[in-house]
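Summary of the model geometry
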Amino acid sequence: TGFIPAPSSAEAVATYLDELSSDNDTTTSMSSPPPASQSKDQKLGSRMNEVEERLSRLESSVTSLPDDIASRLVDWQISQDKKLTDEMEKIMKLLVDGKSLEK
């Protein structure tokens, strides 16, 4: 296949993808292409299916987002508690060591 430069707009992207898919169609199949209206409808249907699939994936990831956030917050809280405990132990040790040195 030949090189096609990257597009600069949404319409150009659609045309670019159409050219790439038509290149693949001509290299994989030597059958006659469907009429222009059928081809356009098929491309539109294909794009609609792709958009629906992407939307479905987006919806599922948005649905799982609250659980992911809650899990991260719990993990963060646990790590903060551990850091606080470690710091308190250090302070207590310094205080105990300081009192024993005073005596």
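Let me sum up the structure you'll find in this document. What you are looking at is a predicted structure, and each value in this text was computed from that prediction instead of being measured.

**A few points about the overall build of the chain**
Within the chain, the regular secondary structure consists of two helices and zero strands. Working note: accessible area of the chain is about 9300 Å², and carbon and sulfur atoms make up 61% of it.

**A closer look at a nonpolar patch on the surface**
Nonpolar side chains collect at one region of the surface, where Leu 84, Met 88, Ile 91, Met 92 and Leu 95 lie side by side and expose about 500 Å² of accessible area between them. Of note, Met 88 is situated in helix 2 (residues 36-102). Met 88 gets classed as partly exposed once you look at its relative accessible area, which sits at 44%.

**Re the environment of Asp 18**
On the secondary structure map, Asp 18 appears in helix 1 (residues 10-28). Excluding residues within four positions of it along the chain, Asp 18 makes contact with Lys 43 and Arg 47.

**Let's talk about the pattern of salt bridges**
Two side chains with opposite charge may pair up if their charged atoms get near one another. Within this structure, the stated rule accounts for two salt bridges. Of the charged contacts in the structure, one is a salt bridge between Lys 82 and Asp 86, with a shortest N-O distance of 3.3 Å. In this pair, Lys 82 and Asp 86 both sit in helix 2, four residues apart, roughly one turn of the helix. For Lys 82, a relative accessible area of 53% translates into the label exposed.

**Quick look at the environment of Lys 43**
Looking at the element boundaries, Lys 43 is found in helix 2. In sequence terms Lys 43 and Asp 18 are 25 residues apart; their C-alpha atoms lie 8.1 Å from each other.

Basis of the calculations
- Residues numbered from 1 in each chain as written.
- Predicted model: local features only at pLDDT ≥ 70, side-chain atom pairs only at ≥ 80, totals over all residues.
- Heavy atoms only, no water.
- Helix = DSSP H or I, 4+ residues; strand = E, 2+ residues; numbered from the N terminus.
- Areas by Shrake-Rupley, 256 points an atom, 1.4 Å probe, with all protein chains shown as cover.
- Patch = residues over 30% accessible without salt bridge, like charges linked within 9 Å, V, L, I, M, F, W, Y side chains within 5 Å.
- Salt bridge = Lys/Arg side-chain N within 4 Å of Asp/Glu carboxyl O.
- Buried < 20%, exposed > 50% of the residue type's maximum accessible area, 1.4 Å probe, protein only.
- Contact = heavy atoms within 4.5 Å.

On their own, these measurements won't tell you what the molecule is for.
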